[in-house]
Amino acid sequence: MSSSKPYQNPADDDDSEPEMIAEDDVQEVVEEVDGDGDVPMDSDDEGQEEELVLENDGIAYFDQHKDSVFAIAQHPVYPNLIATGGSEGDADDAPGKGYIIDIAAAPSKPVLPPSYNSDPSSAGAWQPTELQPVFAIDGHTDSINALTFTLPRGDFLVSGGMDGRLRVYAVGVPSTGTGAQFKFIGESQETEEVNWVSPCPSAAHPNTIALGASDGSVWVFAVDPASDPSNPIQIIQSYFLHTASCTAGAWSSDGLLLATVSEDSSLHVFDVFGEAGAKNLVTDNGQTVVSLADADQRFFVEGGLYSVAISPSGGLVAVGGAQGAIRVVGLPRLSAQPTSQRQTAQRAVPVQRGPAGRRAAPSSHPSSVQSDPSAGAGVVLAALNVQSDGVESLSFSPQQPLLAAGSVDGSIVVFDAARSFAVRKHIRGAHEGESVVKVDFVRAATGATAGWLLTSCGLDGVVRRWDLRGATATQEAVASGQTAGLIKEWKGHRGGGEGGGVLGFVQGADGERVVTAGDDSVVLVFEA
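Model, not experiment: these values are computed from the prediction. (Residues numbered from 1 in each chain as written. Predicted model: local features only at pLDDT ≥ 70, side-chain atom pairs only at ≥ 80, totals over all residues. Heavy atoms only, no water.)

**Q** So what exactly am I meant to see when it comes to the sheet that holds strand 26 (residues 422-427) here?
**A** Strand pairs in the sheet, formed through backbone hydrogen bonds, run parallel or antiparallel to each other. Reading across the sheet, the 4 strands line up as 23-24-25-26 and stay open at both edges, with antiparallel pairing between neighbours. Of all the strands in the sheet, the pair left with one neighbour each is strand 23 (391-396) and strand 26. When strand polarity is set aside, the average angle formed by the axes of neighbouring strands in this sheet is 20 degrees. Note: strand 23 against strand 24 (residues 402-407), 5 bridges, orientation antiparallel. From the neighbouring strand, Leu394 faces strand 24, where its bridge partner is Ala405. (Pairing = 2+ DSSP bridges. Helix = DSSP H or I, 4+ residues; strand = E, 2+ residues; numbered from the N terminus. Axes fitted to C-alpha atoms, helices over the stretch in contact; angles between N-to-C directions.)

The structure is reproduced here in structure tokens:
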């Protein structure tokens, strides 16, 4: 982006004309003609340009990326520290580039800014804060497409790239939470391309991360420079069960199991630290507690799997794939769980579903999973096909028996795990017909909204928040269901087509600030 600050916001609730982007800042510009985002067809007059009006609800922005922002991560202890990653340009040989920004530098938007009912271009008008980088992430020869801080304290920042490199930085943060220092400590390259990285949440195995690669391999590393400064990134496990690209991975909440999926339509849940093996709960391959692939017709999804999530109780794993297919599979119990979660999982276990989410005959395994930790493991509990295109994102609610799914068809579906994964809500027009990229429940919502608030982003360039209480799918008319439960939306990114949309976001535990990774090369900070 240029330095002309295209993301300045017009005055709140002002009837004056929105500020335009300078013609020098864009190569191709169009004008929105209505609230649905429809745009006119290209004109036959080649020399004629039209102006694009951008509405920006952000309180701050960062625009020093030179191409799409593919990855974003948030420090687990100091959520004001945000890591973003992409590339230095759209050329084939452009190196990867990332930044650390501190969103604490962005003050909240005034309720009634000084420019209220005045000229937004005046000196006193409120404007979003331009953020500056705290640190630059270099060393990748191709795009950075995966980032994470290690758990539980965020001692290290890990970047993964399309060059196959895994680069690690030590993070030093003063007790004030500001003035963070980053130091490169080493890199590892075990594969040609890193697809994703995920931190292990186990306090017994701190600073452990997993990655999935384009060749189907899965790697688990421990970052421990204190034990061996010459080898700070140590391989804990490597797995080679997938036969095609490993597209997504997720840890169980206790950090003992790692679930991964692939374009070959397989699911493997790995016993990373041997806890299941010690209890004789592993499969014949000696590496997994669950392994399902195309040989099992109850599970098989033609076209591949692209998303995975494990329930907070650890008793269920959900996978999403092509043509709107979702499979829910039982997992063994390796650690104790809260009573409320145990009861939720017990209700969900006995029911299987057939094509299109139809209820099938109950499985023959025991309905209670409390006495036998292996009961239900590997059983396909639900086979759901509500959406019409690929399921890109899955999220379990931390407090309610809900599973949310975001699809390429632009819809969000919420399933009720306590009622045999019946559809609670089907929000068909969630992102104006553009692909839903990510759905994520607000983890620390309290009171009446606890476990009910869901945030989503899509290729329409908009971030939305939903309250999933209220009318269920059977009570909603199709027309009203398109925006049912929408309580907030944030705009500011370009949307639709190449170079537009939101590719990811982070929202902390409380969801009060949402920070986005834009395909338009911009990072925006929104406030709830």
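**Q** Could you clarify how one ought to interpret unusual backbone geometry in this entry?
**A** Excluding glycine, residues mostly have negative phi values, and the peptide bonds linking residues are mostly trans. The omega angle of the peptide bond from Leu151 to Pro152 is 10 degrees, so this bond is cis rather than trans. Note that Pro152 resides in the loop between strand 7 (144-149) and strand 8 (156-161). Phi is positive for Asn207, close to 55 degrees, though the residue is something other than glycine. Of note, Asn207 is situated in the loop between strand 11 (194-199) and strand 12 (208-213).

**Q** In this structure, what is going on with the packing of aromatic side chains? I would like to understand it.
**A** Each aromatic ring pair is specified by the distance between its two centres and by the angle formed by the two planes. With the rule as written, the count across this model stands at 9 aromatic pairs. Considering the side-chain rings of Phe135 and Tyr169, the 5.6 Å spacing of their centres and the 75 degrees angle between planes classify their relative orientation as edge-to-face. Of the two residues, Phe135 is situated in strand 6 (residues 133-137) and Tyr169 in strand 9 (residues 165-172); the sequence distance between them amounts to 34 residues. The exposure class assigned to Phe135 is partly exposed, which follows from its relative accessible area of 21%. Here the aromatic rings of Phe135 and Phe182 are separated by 5.3 Å at their centres, their planes lie at 25 degrees, and the arrangement is stacked. Residue Phe135 is found in strand 6, and its partner Phe182 is found in strand 10 (residues 181-189); the two are separated by 47 residues along the sequence. Note on Phe182: relative accessible area 11%, which makes it buried. (Phe/Tyr/Trp six-rings, centres within 6.5 Å; stacked < 30°, edge-to-face > 60°. Buried < 20%, exposed > 50% of the residue type's maximum accessible area, 1.4 Å probe, protein only.)

**Q** Would you take a moment to explain the pairing of strand 16 (residues 257-262) for this structure?
**A** Put simply, side chains in a regular strand alternate between the two faces of the sheet. When you tally the buried positions in strand 16, you get 6 out of 6 residues, the bulk of the element. Judged by which residues are buried, strand 16 turns out to be covered on both faces: Leu257, Ala259 and Val261 on one side and Leu258, Thr260 and Ser262 on the other are all buried. Where strand 15 (residues 246-251) lies against strand 16, 5 bridges are found, and the strand directions are antiparallel. Bridged to Ala250 within strand 16 is Ala259. Linking two consecutive strands that pair antiparallel, namely strand 15 and strand 16, is a turn of 5 residues; a positive phi of about 75 degrees is found at Gly255 within it. Of the pairings in the sheet, the one linking strand 16 to strand 17 (residues 267-271) comprises 5 bridges and is antiparallel in character. Following the sheet pairing, Val261 is matched in strand 17 by Leu267. Where strand 16 folds back onto strand 17 in an antiparallel hairpin, the turn is made up of 4 residues, including Ser265, whose phi is positive at roughly 70 degrees.

**Q** In this structure, what is going on with the sheet that holds strand 22 (residues 380-385)? I would like to understand it.
**A** Here 4 strands make up an open sheet; going across it, the order is 19-20-21-22 and the pairing antiparallel. Each having just a single partner strand, strand 19 (305-310) and strand 22 make up the two edges of the open sheet. If you compare each strand with its neighbour and ignore which way they point, the axes differ by 15 degrees on average. Sheet analysis places strand 21 (residues 325-330) next to strand 22, joined by 5 bridges and oriented antiparallel. The residue bridging Ile326 from the neighbouring strand is Leu384, located in strand 22.

**Q** Where do I start with the UniProt feature "repeat: WD" (unreviewed entry) in the protein chain in this structure?
**A** Here the UniProt feature "repeat: WD" (unreviewed entry) sits at residues 137-169 and 384-425. Annotated as residues 137-169, this span is 0% helix and 55% strand, and its ends, taken at the C-alpha atoms, are 9 Å apart. (UniProt positions renumbered as here; feature names shortened; annotations may be inferred.)

**Q** Explain a negative patch on the surface to me, please; I cannot follow it from the model alone.
**A** On the surface, a cluster of negative charge is made up of Asp90, Asp92, Asp93 and Glu498. Relative to the elements of secondary structure, Asp92 occurs in the loop between strand 3 (81-87) and strand 4 (96-102). Owing to a relative accessible area of 81%, Asp92 belongs among the exposed residues under this scheme. (Patch = residues over 30% accessible without salt bridge, like charges linked within 9 Å, V, L, I, M, F, W, Y side chains within 5 Å. Areas by Shrake-Rupley, 256 points an atom, 1.4 Å probe, with all protein chains shown as cover. Salt bridge = Lys/Arg side-chain N within 4 Å of Asp/Glu carboxyl O. Lys, Arg positive; Asp, Glu negative; His and termini not counted. Charge placed at Lys NZ, Arg CZ, Asp CG, Glu CD.)

**Q** Would you mind going over the nonpolar core with me for this structure?
**A** Grouped burial of nonpolar side chains is what soluble globular proteins tend to show. Residues Leu267, Val269, Val290, Phe299, Val308, Val317 and Val319 are the most contacted members of the largest nonpolar core, which totals 25 residues. Listing elements by their share of this core, those giving two or more residues are strand 15, strand 16, strand 17, strand 18 (288-292), strand 19, strand 20 (316-321) and strand 21. Not counting chain neighbours up to four residues away, the residues in contact with Val269 comprise Leu257, Leu258, Ala259, Gln287, Thr288, Val289, Val290 and Leu331. Core analysis: the next-biggest nonpolar cluster, separate from the first, contains 18 residues, Leu316, Ile326, Phe396 and Ala417 among them. (Core = buried A, V, L, I, M, F, W, Y, C linked by side-chain atoms within 4.5 Å. Contact = heavy atoms within 4.5 Å.)

**Q** How should the pairing of strand 13 (residues 218-223) be read in this particular structure?
**A** Among the 6 residues of strand 13, 6 are classified as buried, and the element is accordingly described as predominantly covered. Neither face of strand 13 is left uncovered, since the one carrying Val218, Val220 and Ala222 and the one carrying Trp219, Phe221 and Val223 both have all their residues buried. Taken together, the 5 bridges between strand 12 and strand 13 define a ladder with antiparallel strand orientation. Bridged to Leu211 within strand 13 is Trp219. Here strand 12 hands over to strand 13 after 4 residues, with Gly216 in that stretch at a positive phi of 95 degrees. Judged from the 6 bridges that link them, strand 13 and strand 14 (residues 233-239) form a sheet pairing that is antiparallel. Paired with Phe221 across the bridge in strand 14 is Ile235.

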